[in-house]
Amino acid sequence: MNDIVCFEHLTQRFGTLTALSDLNLELRAGQLSALLGPNGAGKTTAIDLMLGLSSPTQGTVRVMGSDPRSTTTRAGVGAMLQDINVPAGLSVRELVALYAALYPSPMTVDKALTLSGLTEQAKQRVSGLSGGQKRRLSFALAVVGQPKLLLLDEPTVGMDVQSRNAFWQGIAELRSGGCTVLLTTHLLEEVDRAADRVILLNKGKLVADGTPSSIRERVGVSKVRFSSQLADEQLRALPGADTFTFAAEGRASFSSRTPELLVRAALDADPDLKHLEVSQASLEDAFLSLTSDSLTSPGAVSA
Ligand SMILES: Nc1ncnc2c1ncn2[C@@H]1O[C@H](COP(=O)(O)OP(=O)(O)OP(=O)(O)O)[C@@H](O)[C@H]1O
């Protein structure tokens, strides 16, 4: 049994609202998975269930084969949630040491500070940290227990470029030690670079599950861009264009399911067109397409 988390037919309701609906999901050991979805899709609800912070209305949650509320399971799980509420009077080092003492085999405080990029702030009081530094502290507290499973709810919100780079380096180091990571984020470029797997929720349902490239391919749309002398009406009339945007100085951008047809027609209409680019849809394009309200039937591609 290689599953670190297993949801079976899991439904979570809040009054009349169904936040998660009949969800089946397994997280495999060592994977870095991104749990994505629009606001209100059910991501935080899923993380809360993995942490044993709430119980499902129906179905089961197993974490490392056990109830997520058991003490042994909790000792193996680290979490970085959206809000951090810690004793402000302690120094960063004191607080990290306090958390380390709660776990059976923690890493050293110095290592947690290095992984989170907080070595220089070790002696500073928690109350004096900036917003981005507080996120780093939250990361240090999540990892100091050497978790087997790390759950991160929007970890890079409020982090500057350096903090984000330090964060991703820290994640790479933890993964090399075998840690399984699940994170939620709205920064899809980071997901495309770093995640093994994308789990996409919409309105509490699984709408896609696969590698970032399999999700992009599933949408089957390409981007076509070029600069030309063609007028707006001529560009709109080109065959094979699903959507079209026209920017200044003759730059046009299309999404197309038949890019060859579109490019041939554009070159026939303007043999002098320049800066031609044809690329695969981005993860963001796929996200928008798969979570649009017109999508009714869930379909998963395997990771
Ligand atoms: N404790 C609660 N009581 C009532 N409704 C709740 C509760 N927690 C979540 N919900 C509702 O459940 C739905 C899913 O919320 P959830 O926080 O899981 O979404 P999310 O995908 O994490 O969204 P976001 O990207 O905005 O953080 C939302 O409609 C939310 O309003």
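Residues numbered from 1 in each chain as written. Predicted model: local features only at pLDDT ≥ 70, side-chain atom pairs only at ≥ 80, totals over all residues. Heavy atoms only, no water.

Draft legend 1. Fine view of the sheet that holds strand β11 (residues 243-246). Within the open sheet, the 4 strands sit side by side as β11-β12-β10-β13. Their pairing is antiparallel. Of all the strands in the sheet, just β11 and β13 (274-280) have a single pairing partner and so form its edges. Pairwise comparison of adjacent strand axes, ignoring direction, gives a mean angle of 10° for this sheet. Note: strand β10 (residues 222-227) against strand β12 (residues 251-256), 6 bridges, orientation antiparallel. If you follow Val224 over to β12, its bridge partner there is Phe254. (Pairing = 2+ DSSP bridges. Helix = DSSP H or I, 4+ residues; strand = E, 2+ residues; numbered from the N terminus. Axes fitted to C-alpha atoms, helices over the stretch in contact; angles between N-to-C directions.)

Draft legend 2. Geometry of the sheet that holds strand β1 (residues 3-14). Strand order across the open sheet formed by 3 strands is β2-β1-β4, with antiparallel pairing between neighbours. Both edges of this open sheet fall to β2 (17-28) and β4 (58-63), since each of them pairs with a single strand only. Neighbour-to-neighbour, the strand axes of the sheet open up by a mean angle of 15°, direction not taken into account. Note: β1 against β4, 5 bridges, orientation antiparallel. Bridging across to β4, Cys6 finds its partner in Arg62. The sheet strands contacting helix α1 (residues 43-50) are β1, β2 and β4, and the helix crosses β1 at an angle near 120°. (Contact = heavy atoms within 4.5 Å.)

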